[in-house]
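Reading the structure
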Amino acid sequence: MRIALVRPDIGRLEHGPFDDRARMEPLALGVLSALTPPGDEPLLRDDRCAPLDYDEKVDLAAITVETFTARRAYEIAAEYRARGVPVVMGGIHPTLIPDEAAAHADSICVGEAEPVWAAMVEDARAGSLKPVYRGGTGVPQVVPGACPLALRACRDWPAGSGYLPLGLVQFGRGCRYRCEFCAVSASSGAGHRARDVAEAAAEAAEALRPASGFPGERRRKRSAVFFVDDNIVADRAAAKELFRALVPLKLSWVSQASLDMLEDDELMGLMAESGCLGNVIGFESVDERNVRAMGKVANRGGGLERYQVYVEKLRSFGLQTWAAFTLGHEYDTPESIRELLDFALRSTFAFAAFNVLMPYPGTLLYARLSEEGRLLYGGRWWLSPDYRFNHAAFVPRLMTPDQLTEAGLECRRLFNSFPSILSRAFGTRTNLRNLFRLGLALSYGTLFRREAFKKQGMLLGRS
Ligand code: SF4
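Thresholds applied
- The residue numbers shown here count from 1 along each chain, following its written sequence.
- Only residues with pLDDT of at least 70 get local features here, since the model is predicted, and only at 80 or more are side-chain atom pairs given and counted; chain-wide, interface and lining totals rely on the full set of residues.
- To get the side-chain values, all heavy atoms of the structure are used, and hydrogens and water are removed first.
- The rule for a residue being near a molecule or strand is that one of its heavy atoms must lie within 4 Å of it.
- Basically, the charged four are Asp, Glu, Lys and Arg, the nonpolar ten are Ala, Val, Leu, Ile, Met, Phe, Trp, Tyr, Cys and Pro, and anything else, Gly included, counts as polar.
- Secondary structure follows DSSP: runs of H or I at least 4 residues long count as helices, runs of E at least 2 residues long count as strands, and numbering of each begins at the N terminus.
- Counted as a polar contact is a pair of N or O atoms within 3.5 Å, where, for protein atoms, one must be capable of donating a hydrogen and the other of accepting one, and residues adjacent in sequence contribute only when both atoms are in side chains.
- We call two residues in contact whenever any of their non-hydrogen atoms come within 4.5 Å of each other.
- Domain segmentation is taken from an automatic or database assignment of domains.
- Buried area is a sum: the accessible area each of two parts loses on coming together, probed at 1.4 Å, counted once for each and added.
- Only one rule defines a salt bridge in this text: a Lys or Arg side-chain nitrogen within 4 Å of an Asp or Glu carboxyl oxygen.
- Patches here: salt-bridge-free residues with over 30% relative accessible area, like charges joined within 9 Å, nonpolar side chains (Val, Leu, Ile, Met, Phe, Trp, Tyr) joined within 5 Å.
- Computed with the Shrake-Rupley method and a 1.4 Å probe, the accessible areas treat only the protein chains shown as cover for residues.
- Partly exposed residues are those whose accessible area sits between 20% and 50% of the maximum for their type, while under 20% is buried and over 50% is exposed, using a 1.4 Å probe and protein chains only.
- If DSSP finds at least two bridges between two strands, the strands pair.
- For helices, the axis comes from a line fit to the C-alpha atoms of the stretch in contact; other axes are also lines fit to C-alpha atoms, and the angle between any two N-to-C directions lies between 0 and 180 degrees.
- In plain words, nonpolar cores are sets of buried Ala, Val, Leu, Ile, Met, Phe, Trp, Tyr and Cys residues tied together by side-chain atoms within 4.5 Å.

**Concerning the site of the ligand**
As a matter of local geometry, the ligand sits amid Cys175, Tyr177, Arg178, Cys179, Cys182, Ser185, Asp230 and Lys296. Looking at the shell around the ligand residue by residue, the class counts come to 4 nonpolar, 1 polar and 3 charged.

**Points about the side chain of Glu100**
With respect to the secondary-structure elements, Glu100 resides in helix 4 (residues 98-102). In terms of polar contacts, Glu100 uses its side chain to reach the side chain of His93, at 2.9 Å. Discounting chain neighbours no more than four positions away, the residues touching Glu100 are Ala70, Tyr74, His93, Arg380, Trp382 and Leu383.

**Focus: the domain arrangement of the protein chain**
Per the domain assignment, the segments making up the protein chain are domain 1 (2-136) and domain 2 (166-460). Placing the centre of domain 1 and that of domain 2 at their C-alpha centroids yields a distance of 26 Å. Each partner contributes residues to the interface: domain 1 has 26 residues there, and domain 2 has 34 residues. Between domain 1 and domain 2 the total buried area reaches about 2700 Å² when both faces are included, carbon and sulfur atoms providing 65% of it. Contact with domain 2 buries area across many residues of domain 1, yet Phe68, Arg71 and Leu96 alone supply 24% of it, more than any other trio. Counting every contact that joins domain 1 to domain 2 gives 6 salt bridges. As a salt-bridge pair, Arg222 and Glu25 come within 3.1 Å of each other at their nearest N and O atoms. Along the contact surface separating domain 1 from domain 2 lie 14 residue pairs in polar contact (both at pLDDT 80 or more). With 4 residues, helix 3 (residues 92-96) is the largest single contributor of residues to the side of domain 1 that touches domain 2. The residue inventory of the side of domain 1 that touches domain 2, partitioned by class, reads 12 nonpolar, 4 polar and 10 charged.

**Here's the deal with a nonpolar patch on the surface**
Where nonpolar side chains cluster on the molecular surface, the patch consists of Leu422, Phe426 and Leu432 and spans about 270 Å² of accessible area. With respect to the helices and strands, Leu422 occurs in helix 15 (residues 418-425). Classification of Leu422 as partly exposed rests on a relative accessible area of 46%.

**What to know about the sheet that holds strand 7 (residues 107-111)**
By way of backbone hydrogen bonds, the strands of a sheet pair with one another, either parallel or antiparallel. Strand order in the open sheet formed by 6 strands is 4-1-5-6-7-8, with parallel pairing between adjacent strands. Each edge of the open sheet is held by one strand with a lone partner, namely strand 4 (41-46) and strand 8 (132-136). Each strand axis lies, on average, 20 degrees off the axis of its neighbour in the sheet, ignoring direction. Across the sheet, helix 1 (residues 27-35) touches strand 1 (2-7), strand 4 and strand 5 (60-64), and the angle it forms with strand 1 is around 165 degrees.

**Focus: the pattern of salt bridges**
All chains considered together, the criterion is met by 51 salt bridges. Notably, a salt bridge pairs Arg368 with Glu372, separated by 3.5 Å at the nearest N-O pair. Arg368 sits in the partly exposed class, given a relative accessible area of 22%. Taken together, the shared-partner salt bridges connect Glu25, Arg152, Arg155, Arg195, Glu199, Glu203, Glu206 and Arg222 into one network.

**A look at the nonpolar core**
Soluble globular proteins: nonpolar side chains tend toward being buried together. Grouped together as the largest cluster of nonpolar side chains are 99 residues, with contacts concentrated most on Phe283 and Phe325. Shared between two domains, this core takes at least three residues from each, and those domains are domain 1 (2-136) and domain 2 (166-460). Ignoring any residue separated from it by four or fewer positions in sequence, one finds Phe325 in contact with Phe283, Glu284, Leu340, Phe343, Ala344, Phe349, Ala352, Ala353, Phe354 and Asn355.

**Points about the pairing of strand 13 (residues 253-257)**
On strand 13, burial follows the alternation: Trp253, Ser255 and Ala257 on one face are buried, whereas Val254 and Gln256 on the facing-out side are not. Pairing between strand 12 (residues 224-227) and strand 13: 2 bridges, direction parallel. Within strand 13, the residue paired with Val225 across the bridge is Trp253. Bridge count for strand 13 against strand 14 (residues 276-284) is 5 bridges, and the pairing is parallel. Along strand 14, the bridge assignment pairs Val254 with Gly278.

Put into structure tokens, the structure is as follows:
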């Protein structure tokens, strides 16, 4: 069978298509490709890179769906189904809200694909797809009952894909915390599952090799590994083991991590020694009342003073931090968000994201806001033709939705101004450790600036 593995785009700009220049390789499809039974032909089709050819001869379309791509995913599914091609869907959105996804597909996978993908392909071949397959939660890239060391993601992307030069690898899934707004913990429950350390380290080394197998395409070297774990330090013992295995490989890597890692000096020392350039860290809010209300246990004792200590410690390990903030929490006002921005500027983070808090379906936050009658767009903002990217989708407690949208835009505008990018790039203990790091700070700083403004106000879906 020829199987189209499809990664949908998010949406479109007011006057034309959205061209995502910060796109990363679709690891989930690389894993699905590797999971596909021998004899079947997986075809990677990325809606962000090239127009999809619905008339291409395929026997099955498998679409990976996130909440932000759901509207576009359903459009794509309708095109394939109109041509008689059965559609299966999986990913975080069908897991969070299966009934909705099931209405647009012949079959859905709830949970992880590893245990059920081979059965879905077999059933599709026999014309007997079941409406739902339940993959549950498990260790990434391990098929129950099969050899645990056999599965590495396919990385031979079609020519001209234009992905950022990062090799994506997953060591573990899940997180031990349960923050109120977090879609990851809502979809997979609290708990962390890690791969075999030697296997993950070997795949990290492999992920930096240039892609091959596409005649005519210039082989592009990847500069760093991105461990796409939800929280790479969720299990500190496992993380230390991984970092020890990475030391002799002498590679550079980035990931996502929670602030509580700074309690453990041994962990931090190993992290730096193993080639970590920096992590995306969810600071979320500088108001401790917000931190408590959102249940962000990893930031306990948060608030400005404590955060300043954390920032100093991150610098002492030479890490280029990407600070992630969420705006619109219960105690947020336009003034407090301005204080948060001042903290981010003072801290000279290499990068920062100022995301409007989003009520993802299936989260505790969504349930609470729904009960309080505070959701906008009829509750399903991700399907609304009127919802725009980076806009508030709920009524904040102490400001209007428009004030929240505007405050987010203002943070992005000021943090990503050219004077700000330049002044932050010359941090002696982080970005100026060598030319490679300085290059990362400047090139990614300008790229993120461009993408942040381009995406602002984008519509979801293509129609
Ligand atoms: S620490 Fe991060 S990954 Fe873990 S539950 Fe909270 S938001 Fe989610």
